[in-house]
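One-letter residues, chain by chain:
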Amino acid sequence: MRISDDRYNRDRQRLDIAMHFIRHEARTHTIRQWTGLTDDRIRKLYRSYLQDGGFRLARHRGKSPQQAAFFLRSVRLRHEAGALAGLCCLVGVLERHQGRAGSAPLACVTRAAALCQAYDVYRAIVAAPGISFEHAVLLVNALARGSELALDDCHGCGALLVVDSLALRPARCVLCTGEDPRRVPACNNAHSARPAP
Ligand SMILES: [Zn+2]
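What you see is a predicted model; the values in this text were computed from it and never measured. (Residues numbered from 1 in each chain as written. Predicted model: local features only at pLDDT ≥ 70, side-chain atom pairs only at ≥ 80, totals over all residues. Heavy atoms only, no water.)

### Thoughts on the overall build of the chain
(1) Moving on: What the chain contains, in helices and strands, is 7 helices and 2 strands.
(2) Moving on: A burial count over the chain gives 43% of its 197 residues as buried.
(3) Moving on: Of the contacts formed within the chain by residues at least 6 apart in sequence, a portion of 63% connects residues at least 24 apart.
(4) Moving on: Carbon and sulfur atoms make up 52% of the accessible area of the chain, which amounts to about 11000 Å² in all. (Helix = DSSP H or I, 4+ residues; strand = E, 2+ residues; numbered from the N terminus. Buried < 20%, exposed > 50% of the residue type's maximum accessible area, 1.4 Å probe, protein only. Contact = heavy atoms within 4.5 Å. Areas by Shrake-Rupley, 256 points an atom, 1.4 Å probe, with all protein chains shown as cover.)

Below you can see the structure in the form of structure tokens.
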């Protein structure tokens, strides 16, 4: 009885997380990777979500965003990526000292729940978010790999920053360099995060 209860709870958690990912317009393969659900079950969840009135949901197909350099393209994106990465550290999706090469894969249902939590807070504190949920997944994966992006402290104030892992100059945040993230568009061709339905 206990075993079946545990299984039921784990399955329930996977479905809840998958629905959360769907509402954030995550792609099917991202949902599969982080929840372990089959494509067939994810398709059924999409259908039930649509039947329940979530008809404004965009279904993205094709590859997820791949370019980690996206987060360094503008002052605003660097600023937002630092905030989101800090939230991911707080909830345990990321470790402060990254570079997990060879360690366990990042994607799992427990971290998926924490990632949703961090992303929801990011969406709540940033007026017009420039980082979509799929880009948030790219951010945590790139930071976990550590080959393109890394976490660093601002040398002026100690704020957590997302930086080019090969950068030679000491990292400084937008406040310490006097840049204003509000004046710089997130990215001309970036697909901005849209409000949750
Ligand atoms: Zn600073």
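Structure shown, so let's carry the discussion forward.
### What to know about helix α4 (residues 75–90)
(1) Moving on: Counted at 1.5 Å a residue, the expected span for α4 with its 16 residues is 22 Å, and the 23 Å between its end C-alpha atoms agrees.
(2) Moving on: Among all positions of α4, only V75, R76, L77, E80, A81, G82, L84, A85, G86, L87 and C88 are buried.
(3) Moving on: Looking at the buried residues of α4, the elements they touch are α5 (109–125), α6 (133–145), β1 (149–153), β2 (160–164) and α7 (174–177). (Expected span 1.5 Å × (residues − 1).)

### What to know about the packing of aromatic side chains
(1) Moving on: Taken as a whole and judged by the stated rule, the model has 5 aromatic pairs.
(2) Moving on: Judged by centre distance (6.4 Å) and plane angle (45 degrees), the ring pair of F21 and W34 falls under tilted. With F21 in helix α1 (residues 2–23) and W34 in helix α2 (residues 28–35), this residue pair connects regions lying 13 residues apart in the sequence. Grouping residues by exposure puts F21 and W34 together as buried.
(3) Moving on: Ring centres 5.1 Å apart and planes at 85 degrees place the aromatic pair F70 and F71 in the edge-to-face group.
(4) Moving on: With relative accessibility at 3%, the residue F70 sits in the buried group.
(5) Moving on: Its relative accessible area of 0% is what places F71 among the buried residues.
(6) Moving on: Each residue in the set F21, W34, Y119, Y122 and F133 is aromatic and connected to the rest through ring pairs, giving one cluster. (Phe/Tyr/Trp six-rings, centres within 6.5 Å; stacked < 30°, edge-to-face > 60°.)

### Points about the coordination of the zinc ion
(1) Moving on: The protein atoms that coordinate the zinc ion are C154 (SG), C157 (SG), C173 (SG) and C176 (SG), at distances spanning 2.3 Å.
(2) Moving on: Sequence positions of the residues that donate to the zinc ion give the spacing C-x2-C-x15-C-x2-C.
(3) Moving on: For C154, a relative accessible area of 4% puts it in the buried group. (Donors = N, O, S within 2.8 Å, 3.2 Å for Na, K, Ca; no water.)

### Some words on the environment of T35
(1) Moving on: Among the secondary structure elements, T35 is positioned in helix α2.
(2) Moving on: Look at T35 and you get buried, because its relative accessible area is 1%.
(3) Moving on: T35 sits 76 residues away from R111 along the chain, and the two C-alpha atoms are 9.5 Å apart.
(4) Moving on: What T35 contacts, discounting residues up to four positions off in sequence, is R14, I17, A18 and V109.
(5) Moving on: Here L37 takes part through its backbone nitrogen, which lies 3.2 Å from a polar atom of the side chain of T35. (Polar contact = N/O pair within 3.5 Å; in protein donor to acceptor, adjacent residues only side chain to side chain.)

### Description of the environment of G130
(1) Moving on: When you line up the elements, G130 lands in the loop between α5 and α6.
(2) Moving on: Of the residues examined, G130 reaches a relative accessible area of 0% and is grouped as buried.
(3) Moving on: Distance from G130 to A81, taken between C-alpha atoms, is 9.1 Å for residues 49 residues apart in sequence.

### Re α2
(1) Moving on: Restricting attention to buried positions, one finds in α2 the residues T28, T30, I31, W34 and T35. In a view along the axis of α2, the buried residues occupy a sector of 160 degrees, so they form one face of it.
(2) Moving on: Just downstream of α2, G36 is the residue with a positive phi angle, here 80 degrees. (Arc of directions from axis to C-beta.)

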